[in-house]
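Here is how the chains run, residue by residue.
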Amino acid sequence: MDETGGGVGFNCSRKGVHAFRFGLGARMATLVADCPRCGSKSITFDIKDALVYGSEYDWQMLLEMPCICRACHRFTVFFTKQEQYEHRDLFRDPKFLLKGDVNGNDYVRVEGFVSTKDRAAVSPPEHLPPEIAAAFAEGSRCLSVSCPNAAGAMFRTCIDLATRSRLPEGESEGLTSKVRRDLGLRLPWLFAQNILPKDLEALSRCIREDGNDGAHAASLTQEDAEDLIEFTQALLERLYTEPARLKIAEARRDARRQPKA
Ligand SMILES: [Zn+2]
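Note that the structure is predicted; figures quoted are calculated from it, not measured. (Residues numbered from 1 in each chain as written. Predicted model: local features only at pLDDT ≥ 70, side-chain atom pairs only at ≥ 80, totals over all residues.)

**Q** What am I meant to see in the overall build of the chain here?
**A** Of the regular secondary structure elements, the chain holds 6 helices and 6 strands. Secondary structure elements of the chain occur, N-terminal to C-terminal, as β-β-β-β-β-β-α-α-α-α-α-α. The burial tally for the chain puts 24% of its 261 residues in the buried class. Considering only contacts within the chain whose residues lie at least 6 apart along the sequence, 57% involve residues at least 24 apart. (Helix = DSSP H or I, 4+ residues; strand = E, 2+ residues; numbered from the N terminus. Buried ≥ 20, exposed ≤ 12 C-beta atoms within 10 Å, placed from the backbone. Contact = placed C-beta atoms within 7 Å.)

Quick look at the structure:
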């Protein structure tokens, strides 16, 4: 007899005596999935709740479903997705998934489960080139799970990508190949030439202090990585977000001045 309701005949109302099922478990909504807590494959979970947190294509509901594993009796919150378009009326109230005898796998597909990677992370600034946005998002996720060295490497990548193209192509005073290559030397040079906004120079010291070659293995603290995200965010906003917003505002202004048809 398990704790999830096997042999709970004494709870049955008179009318419901036929529902008494010794040893088979009470009628409970279930979902079969792999258990991330105990490692059991294709194990039965009892569904404890179902909450819609978003949708795709105007019909496909995205849900979070806390469930209890029948092997280890621990909770997992699954990310699931409505399986069929035909069920869209049912999903208006996802609590139907809690009703006895529901086989959750008939209605939803398990997409993953809530874990530390789902902790809130800082979003990338708007209007970044895609490769910089991706590096920032990855760094931010690393920071949110306390992996400062991995985070630091991604923020340095953002700064590298954002500043490399701002170096002049030809010879320039003080611009040796080492200064070009090395972030810790490149940034002070760019500030000195007024190529980067001077008021960010103080914030940029986190780069210099980190060392020059990125090979200072595993030496960053969480605070160091937080300094890095702060500078990276400020720099990217100045180089990409603000100019893009100005362009959008100018385009809106021009549109307003178009003679009306
Ligand atoms: Zn389990």
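After presenting the structure, the write-up continues.
**Q** What exactly am I supposed to notice about the nonpolar core here?
**A** Considering soluble globular proteins, one finds that nonpolar side chains tend to be buried as a cluster. Grouped together as the largest cluster of nonpolar side chains are 24 residues, with contacts concentrated most on I132, F155, C158, I159, A162 and L236. Secondary-structure elements contributing two or more residues to this core are α1 (130-144), α2 (148-164), α4 (183-192), α5 (205-209) and α6 (222-257). Residue contacts for F155: discarding those within four places in its chain leaves G139, L228, I229 and T232. With 17 residues, the next largest nonpolar core counts A33, C35, C67 and Y107 among its residues. (Core = buried A, V, L, I, M, F, W, Y, C linked by C-beta atoms within 7 Å.)

**Q** Whenever I open this one, the packing of α1 against α2 confuses me. Can you help?
**A** Any two packed helices are characterised by how steeply their axes cross, that is the angle between the axes, and by the distance between the axes. Axis separation between α1 and α2 bottoms out at 7 Å; the angle between their running directions is 160°. Between α1 and α2, the angle falls in the class roughly antiparallel. Remark: the crossing between α1 and α2 carries left-handed chirality. On α2, the residues touching E131, I132, A135, F136, E138, G139, C142 and L143 of α1 are P148, A150, A151, M154, F155, T157, C158, L161 and A162. Of the residues in the contact of α1 with α2, the class split is 13 nonpolar, 2 polar and 2 charged. (Axes fitted to C-alpha atoms, helices over the stretch in contact; angles between N-to-C directions. Parallel < 35°, antiparallel > 145°, perpendicular 65-115°, else oblique. Left-handed = near helix turned anticlockwise from the far one by under 90°. Nonpolar A, V, L, I, M, F, W, Y, C, P; charged D, E, K, R; others polar.)

**Q** Please clarify how unusual backbone geometry should be interpreted in this entry.
**A** One can expect most non-glycine residues to show negative phi and most peptide bonds to be in trans. At D101, a position not held by glycine, the phi torsion is positive, near 75°. One can find D101 in the loop between β5 (75-82) and β6 (108-113). Of note in the backbone geometry, H127 takes a positive phi value of approximately 65° without being a glycine. On the secondary structure map, H127 appears in the loop between β6 and α1.

**Q** Honestly, α1 in this entry has me stumped. Any pointers?
**A** Each turn of an α-helix holds 3.6 residues, which means side chains three or four residues apart point in the same direction. Helix length check: α1, at 15 residues, gives a terminal C-alpha distance of 21 Å against a target of 21 Å (1.5 Å per residue), a fit within 8%. By the burial criterion, the buried members of α1 are I132, A135, F136, G139, S140, C142 and L143. Burial along α1 is one-sided: seen end-on, the buried residues are contained in an arc of 160°. Against the buried residues of α1 lie α2 and α6. S146 occupies a position one or two residues after α1 and carries a positive phi of about 60°. (Expected span 1.5 Å × (residues − 1). Arc of directions from axis to C-beta.)

**Q** Would you mind going over the packing of α2 against α4 with me for this structure?
**A** The contact between α2 and α4 brings their axes to 11 Å, and the two run at 45°. Regarding the angle of α2 to α4, the classification is oblique. α2 and α4 meet at a crossing whose hand is left-handed. The residues of α4 that touch α2, namely those facing R156, I159, D160 and T163, are L183, R186, L187 and L190. Across the contact of α2 with α4, the residue classes tally to 4 nonpolar, 1 polar and 3 charged.

**Q** Can you help me understand the environment of R164 in this one?
**A** Here R164 is to be found in helix α2. Among the residues examined, R164 registers 12 C-beta atoms within 10 Å and is labelled exposed. When the C-alpha atoms of R164 and L187 are compared, they prove to be 9.9 Å apart, with 23 residues separating the residues in sequence.

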